[in-house]
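# Summary of structural features
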Amino acid sequence: MKIAIVGGGIIGISTALFLKQNSNHDVTIVTEKTTPNTTADGAAGIWGPYLLDETPVPDQRRWAKETHDLIEKYWTSAEGGLMGISLVSSTRLNMEQIPPMWHDIVYGFRKMDQSEVKAIGRVNGEHNASGKRRVMGRLGVRVSMFKFKIQASEVQKSKKKGNKRLIRPQDTLFAGGGKPPKASVIFFHLFPFFLREFKQRGGKVILGVKVSDLTKVGQNYDLVINCTGVWAGEVAKDAKVAPVRGQVMRVRAPWIYRVILDDRDDGNYIITNQDSVVLGGTHQYGDWNTRPCEKDSQFITSGCQTMFPSLLAGAEKIKDWVGLRPGRSSVRLEREALTASNGRKVEVIHNYGHGGSGITIFWGCAKDTFKLVQEVEMEQGHDRMRFITSRL
């Protein structure tokens, strides 16, 4: 089949790659822009279900595990370092569900004691003392030093400068004695690798096209897959889609090697990346403003400094950044039959509404999308057979 995937973010690219890895379909990505100008490119890049709202928990769990397994496989591959995949110790506070549905997907999950919780500051009120911590390391592999690498295009530059960020063995936290736990928080810059493999397998990319009507795209394809993210409200005429504005601040602080996330609505977070540290953040529903706001910058600065005052002392601000998460009451992953203005039937599969979890569930969603593609292929094959039979 000739398949058009509309949207060049993490969902569109991963869906396109999954199709090429598992079929011989003619796949083309049609998009206004792609990496490095997508929401996922600017985000902190941490695995962890977030803002999935009413999405069925079994779906969340399945998609998250499929994606976690993929990233872990890449991490152990020869190119894992070049992909920028890293592991860090992570603390999550004030979670609504204890334990979360993903507690047995990650490794080294343990409860924090009150002294650990109280050691982390908060601007408003106190942290819930029943918070949970996920603690990461490497299972079955000796833990010495982990190197954080930035995205592939900058690796050589980084080597020339000797820019290496290491986690010392004594800084790696474990839940107890014996073997250290397995990977569970992962950062990555996979876009270049995904796009490269997609093209090597014969995939095509059409850039600079902003799609507003899926039926027009469908005039030239057997199937259209809608991965338009926050723009799906316009493209799919879906009133349930709304932006969830996220503003973050990037700083230079190479001594920070950990992740701290406060899950309350007014919570902050500190997330180490390969070449910077991300301080956050906001999740403002229905806000389309993509310009940094000084009020939000002050909220981020004061909140993160209160968490660990000494940790950010001397940090150098790089920039503020704003992205629009594709908010929806639940992920939409389903088929729809549309009719073009000329009466032609257009088969569409929707894959959007991933909230703040695009990089956490992308591969699981791609796999389920592929199953729907197989359904369409089977039905269209039957239709062609019936047509041929009727002409005999």
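Residues numbered from 1 in each chain as written. Predicted model: local features only at pLDDT ≥ 70, side-chain atom pairs only at ≥ 80, totals over all residues. Heavy atoms only, no water.

Counted under the stated rule, the structure contains eight aromatic pairs. Between Trp47 and Trp102, the aromatic rings sit 6.5 Å apart at their centres with planes inclined by 85 degrees, giving edge-to-face as the arrangement. Of this pair, Trp47 sits in the loop between α2 (39–42) and α3 (57–75) while Trp102 sits in the loop between β4 (89–93) and β5 (109–111), and the two are 55 residues apart along the sequence. Of the residues examined, Trp47 reaches a relative accessible area of 1% and is grouped as buried. A ring pair is formed by Trp231 and Trp288, whose centres lie 5.1 Å apart and whose planes are at 35 degrees; its orientation type is tilted. Highlighted residues: Trp231 in the loop between β11 (223–226) and α8 (232–235) and Trp288 in the loop between β16 (284–285) and α9 (294–307), separated in sequence by 57 residues. Through pairs of rings, three or more aromatic residues link up here, namely Phe18, Tyr74, Phe194, Phe362, Trp363 and Phe370. When the ring centre of Tyr74 is taken as origin, the NZ or CZ atom of Lys73, which lies over that ring, is 5.9 Å away. Seen from the ring of Trp231, Lys210 lies directly overhead, with NZ or CZ sitting 4.2 Å from the centre. (Phe/Tyr/Trp six-rings, centres within 6.5 Å; stacked < 30°, edge-to-face > 60°. Helix = DSSP H or I, 4+ residues; strand = E, 2+ residues; numbered from the N terminus. Buried < 20%, exposed > 50% of the residue type's maximum accessible area, 1.4 Å probe, protein only. Lys NZ or Arg CZ within 6 Å of the ring centre and 35° of its normal.)

Okay, the nonpolar core next. Ile5, Phe194, Ile225 and Phe362 are the most contacted members of the largest nonpolar core, which totals 50 residues. Contributions of two or more residues to this core are made by β1 (2–6), α1 (10–22), β2 (26–31), α3, α6 (191–200), β11 and α10 (358–391). Among the elements that line this core, the one with the most residues is α10, at 10 residues. Taken domain by domain, this core gets at least three of its residues from each of domain 1 (1–85 + 187–241 + 328–392) and domain 2 (86–147 + 150–170 + 243–324). (Core = buried A, V, L, I, M, F, W, Y, C linked by side-chain atoms within 4.5 Å. Domains from an automatic or database assignment.)

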